[in-house]
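Per-entry structural report
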Amino acid sequence: MRDLPRQLVALASRLVPHTRRREFRAEWEAELAIDPSARRAFGAVPDAWFLFRQQWSLAMISQDLRYALRLLVRRPVYAITIVLTLAIGIGATTAMFSVIQTVLLRPLPFRDPSRLVMVWENDRLNRRPRYPVAPANFDDWRTQAHGFERMAAWRASQGPVDVGGESFYTTTAVVTTNFFDTLGTPPMLGRGFARGDEPPAQRVLVISHAAWMTHFGGDRNVIDRVVHVGDSPYRIVGVMPPDFAFPDRSVDVWRPLAERPELMSNRSLHMLSVVARLDGATTFERARQNLETVAAGAQRAYPATNDQRGTTMVGLQDAIVGDVRPPLVYLGAAVVLVLLICCVNTANLMLAQAAARRREIAVRAALGAGRAHIVRQLLAEGLLLAMAGGTLGLSIAWLGTGAIARLAVDYVPRISRVGVDLPVLVFAGALSIVTGLLFTLLPALRASHTDVQQDLRAGARGATAHGRRLRSALVVAELTAAVVLVAGGMLLFESFRRVLQVDPGFAVGHVVSIDPRLPQARYQTAASLAQFYADLTTRVTALPGVEAAGAINNVPLTGDGWTSWLTIENRPVAGEPPEVGYRQATPGYLSVMRIPLLKGRWISATDSSTAQPIVVVNKALADRFFADGNAVGARIRLGPNPKAAWRTIVGIIGNVRHSGPEQEALPEAYNALAQDTTESSFLVRGDLDRGALVSAIRAAVTAVDPTVAVDHVQWLDTLMDDHLAPRRLAMALVEGFAGVALALALLGIYGVVSYAVTQRVPEIGVRIALGAAPGEILRMVLRDGLRLALPGLAAGTAIAIVVARLARSALFGVSPADPFSYATVLGVVLAVAMLASYVPARRAARVDPLRAIRVE
C-alpha cells in the first residue's frame, strides 16, 4: 500500500505526451518525496488529463488538418491518385448498398408486412415445391386453416384495356375481393373491393397510379368512369398509391374474381396465387403446420387430385426478392473486395510516401513531436483524402444506381425505387471515415516508429527491409482479391457463353408475334376462331418476304404455359396422373419456329374439328412415357375429364426450351388448334424490315376482319435478349469490378517494383560495373514482379474455387474449378504482373553504373 501513490503517479504520467512525460513524472515524484500521501498523488491526475486533452483538442486537430491540406496541395499527383482510387471503391460500394437496401432490406409498403406470407401447393409427385393453387384447395385453406387473419388469391391475365378511343395492353390481376384488405393497403383514391363486387353482378376495377397518370392524366374525377376490358365494360372504383406494385410492377388493373361454385370446387385447375396475413397470436411455424393439416385431409379425401400435394409457405418479402437475393449478395461481396483493394492500394501508396518523408518525420520528432502527434497528423491526411474520395464516390454512386435501375427494372423487384437517400448518404459518410482509418492506420503507426538519428542520416533512401516486406505483403493481398474477382468474372463469362451455345429448340431470328384482339361477340365458337387463324395465315404467307406463319396459345420465352394431366390408353395409374405441358398450334407453327420433326407428321390442315382427334408430342414426352419407341400411334387423353376423347399421337417433334436455354424441356403435347381452339398469338417469320413486316401483318388482319385490332407486338430475338439480360448484367458488373481490381493490382505491383528499383540503384550499378548485361538486369527485375504475383495467384485461385462452389447456382454448364477459366486467369494475371514490372525493369537496365556508384 505504501507504493500506491507512486503507482498512481506512474499511471497518470502515461496520459502525458511522451516528450514531456519524464519531466512531469519527475516533478510529481519530487512532490511525493515531500508528501507521500495518496491525496498528493491524486493531484497529478487533473494535470495529466489536461495535457492529454490539449494534444487532442479541436485547435490541435484543426492545425493538423490545415497542415495536411497544404501537404496534399503540394503533391497533386499523389493526392489525385488516391482520391480517384477511393472514389471508385466508395462509389461502387455505396451504389451496391443502395440497391441492397432498397431491394432486400427496405420493408414492403404494406401494413405490418412481417405477417404477410405467400402459400403454394407443394407437388411432391412432380417435384414442384411452388405450384399454383387449385381453387377448391384455396377454399379449403381459407375456411379450415387456423392462424390466418385473411387469405386472398389472384391470377394474372393480359389483354387490352380500352379507355375510350385509346387502349393500352397490360397485365390484369383478377383477385378475390379481400385482396387489398389482406395486404393492408387501401386505394389512395376511391375504394377497394367489397363483397358483392364479383362479376357478373358488378363489373368494377381498380387501376394503378402509373395507369392513372399515363392514361387519365391524373384526373381525380376518374372514379366511376367506364372502361372496357376485352368486350366487357368495367367501372373504375379506385386508384392505388404510387408505391403499390403487387403482384409486380407490370400490373395496372385489378378486378374481382368471379368465385362461381363450379370454379371454387375445381381441384385440377391450378391457376391461383395465394397471399395470407397471419393473425397476431400465431407463429409462422404454427400457421404452416395448420395448413399442412388441411392439405393432408385433402390428400385423404381427394386422392385422384391431391395425391402427394402439401403446402409451401414463405414470408412475402422472401417470396418477392428471394430469387435476386443470392446475385445481389454476390455482387455486394464483389464490391467489398474492390473496396479492400482500393484501401490496400492506398495504404501502399501512403507507406511509400511515409518512407519518402522519413527525414521530415524525424525532424518533427527531434523538435518534440510525440508518436501520437505523428499518427494524428497522418490520420488527418488520410481522412482528408477519404472525405474527398467519398464525395466523388457519392457522385459515382448516384450515376451508378440510376444506370442499374434502368438496366434491371424489368427483372429485379423494387429496384425502380433505388436512389441516393438519407440512409445512403449516412452510409457513404461512415464508409469514407472507416475507409480513411483503414488505409491510414497502418502507415501512420509504421511511420511513428522513427529512429531520429538513423532517419536523419538515411532520409528517403533508408527504407528498411521490413518496410519493403510489408508493402510486398499488401500487394500480394491486393492481388489475391483481384484474382478472386477475375476468376468470378471469367466463370460468369464462360457460363454465359455456354448458355448462348444451348440450342433452345427453335430459331428466334426474324420472328414476330402479335396478339389479334378478337371481339367475343363475333368469335364465340371454335369454328369461327379456327377460320380466322386459317384465313389470316393464308393472307400473311402470301406476303412477299414472309416465309411462314402460324398460331400458338403460349409463345416461348414469355413465361406463359399450361399443363394438363396425361392419361395413356390401357395404362391405368394409381392416384393423380402425371402432368405435362399442353399447347395448341396451327399447321404453320412448326415452320415459323423451325422446330425439327423427328418422327411421324405435324399438325395439318386436315386436322379439323370434325376429323379424328390427334396430338403431337415432343421428344421428352416420348422418351419418358414411351421408352419402347412406340409413341406414334398410341392414344392419350389430356385433362381431368375421363369422358374426353382419346387423341392419337401422330408425330414427335424436337424439344423446345420454352422457359429459356438454361431450363430443360419438359414433356409436352401439342393439340391441333382447330380441334381445341382458344385465342392465340400469331407468329410470322419474314425477312423484311421490322416496321414494314408489322404494318403488312396489321393490314392482313384488317383485310380478314376490320373489327380485329392488333396488340402486343413482340420479336422473339428481343424476348431472348430480355431473358438473358439478368445474366448478362451480372456478368458485366463482375467483369467491370474485376477490370478495376486488375488495374489497381497493376498499379500496386508497379509501385512496389519501381520503388525497389529506386532503392537498389547502387546495387544495380555495381552489378553492371561487374559485367552484368542489361538483359540480365531486366530479367532480374521481372523475376521480382513475378515473385509478387505468384503467391497472390495461388491464394486467389484457392479462395476463388471455394467461393465458386458456394455460388454454384449462378453458374451454368461450367465447374467451379473449370481448368480453362483458371488457365485464362493465370495468363491474364501473369501478363499484368509482367506489364507492371516491365517499365521499372527497363529503367533498371539503363542505369549508368558510374553515376549510381557516385551517388552511393
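Residues numbered from 1 in each chain as written. Predicted model: local features only at pLDDT ≥ 70, side-chain atom pairs only at ≥ 80, totals over all residues. Heavy atoms only, no water.

**Observations concerning the overall build of the chain**
The helix and strand inventory of the chain stands at 28 helices and 22 strands. Here the C-alpha radius of gyration of the chain, 37 Å, is well above what a compact globule of 856 residues would show, namely 29 Å. Residues classed as buried in the chain amount to 50% of the 856 residues present. Looking at the chain alone, contacts between residues at least 24 apart form 80% of all its contacts between residues at least 6 apart. (Helix = DSSP H or I, 4+ residues; strand = E, 2+ residues; numbered from the N terminus. Rg over C-alpha atoms; globule rule 2.2 N^0.38 Å. Buried < 20%, exposed > 50% of the residue type's maximum accessible area, 1.4 Å probe, protein only. Contact = heavy atoms within 4.5 Å.)

**Overview of the nonpolar core**
By size, the foremost hydrophobic cluster in this structure holds 100 residues, and its most contacted members are Val103, Tyr589, Trp602, Leu683 and Leu716. In terms of residue count, the dominant contributor to this core is helix 24 (residues 716–759) (18 residues). Once you skip the residues sitting within four places of it in the chain, Leu716 turns out to touch Phe506, Val508, Val511, Ser513, Val555, Leu557, Met593 and Leu683. In this structure, Leu116, Trp120, Phe180 and Val237 belong to the second largest nonpolar core, which totals 25 residues. (Core = buried A, V, L, I, M, F, W, Y, C linked by side-chain atoms within 4.5 Å.)

**Considerations on the packing of helix 24 against helix 25 (residues 761–769)**
Orientation of helix 24 relative to helix 25, taken along the N-to-C sense of each, is 65°, at an axis distance of 5 Å. One finds that helix 24 runs roughly perpendicular with respect to helix 25. Side by side, helix 24 and helix 25 meet where Val757, Thr758 and Gln759 of the first sit next to Val761, Pro762 and Ile764 of the second. For the contact of helix 24 with helix 25, a count of residues per class yields 4 nonpolar, 2 polar and no charged. (Axes fitted to C-alpha atoms, helices over the stretch in contact; angles between N-to-C directions. Parallel < 35°, antiparallel > 145°, perpendicular 65-115°, else oblique. Nonpolar A, V, L, I, M, F, W, Y, C, P; charged D, E, K, R; others polar.)

**Digging into the packing of helix 20 (residues 526–541) against helix 23 (residues 690–704)**
For the pair helix 20 and helix 23, the least separation of the axes is 9 Å and the interaxial angle reads 135°. Accordingly, the angle class assigned to the pair helix 20 and helix 23 is oblique. Judged by the sense of rotation from one axis to the other, the crossing of helix 20 with helix 23 is right-handed. Of the residues in helix 23, those touching helix 20 at Phe532, Asp535, Leu536, Arg539 and Val540 are Ala700, Val701, Ala703 and Val704. Residue classes in the contact of helix 20 with helix 23 are distributed as 7 nonpolar, no polar and 2 charged. (Left-handed = near helix turned anticlockwise from the far one by under 90°.)

**Topic: the side chain of Gln584**
Looking at the element boundaries, Gln584 is found in strand 15 (residues 579–585). The class of Gln584 is buried, set by a relative accessible area of 2%. Separated by 3.2 Å, the side chains of Gln584 and Tyr582 make a polar contact. (Polar contact = N/O pair within 3.5 Å; in protein donor to acceptor, adjacent residues only side chain to side chain.)

**With respect to the pairing of strand 12 (residues 511–517)**
When you tally the buried positions in strand 12, you get 6 out of 7 residues, the bulk of the element. Relative to strand 21 (residues 681–686), strand 12 runs antiparallel, the two being bridged by 4 bridges. For Ile514, the partnering residue across the bridge sits in strand 21 and is Phe682. The pairing of strand 12 with strand 22 (residues 709–715) spans 5 bridges and is classified as antiparallel. (Pairing = 2+ DSSP bridges.)

**Describing the packing of aromatic side chains**
Summed over the entire model, instances satisfying the criterion amount to 16 aromatic pairs. Relative to Phe244, the ring of Phe110 has its centre 5.8 Å away and its plane inclined at 70°; by these criteria the two rings are edge-to-face. One end of the pair, Phe110, is in the loop between helix 6 (76–105) and strand 1 (116–123); the other, Phe244, is in the loop between strand 8 (232–239) and strand 9 (251–256), with 134 residues separating them in the sequence. Taking the relative accessible area as the measure of exposure, Phe110 reaches 9% and is therefore buried. Pairing Trp602 with Tyr670 gives two aromatic rings, centres 5.7 Å apart and planes at 65°, and the pair type is edge-to-face. Here the residue Trp602 occupies a position in the loop between strand 16 (597–600) and strand 17 (614–618), and Tyr670 occupies one in strand 20 (residues 668–672), the gap between them amounting to 68 residues. Geometry around Tyr302 places Arg267 over its ring, the cationic atom sitting 3.7 Å from the centre. Residue placement shows Arg637 over the ring face of Trp646; its charged tip is 4.0 Å from the ring centre. (Phe/Tyr/Trp six-rings, centres within 6.5 Å; stacked < 30°, edge-to-face > 60°. Lys NZ or Arg CZ within 6 Å of the ring centre and 35° of its normal.)

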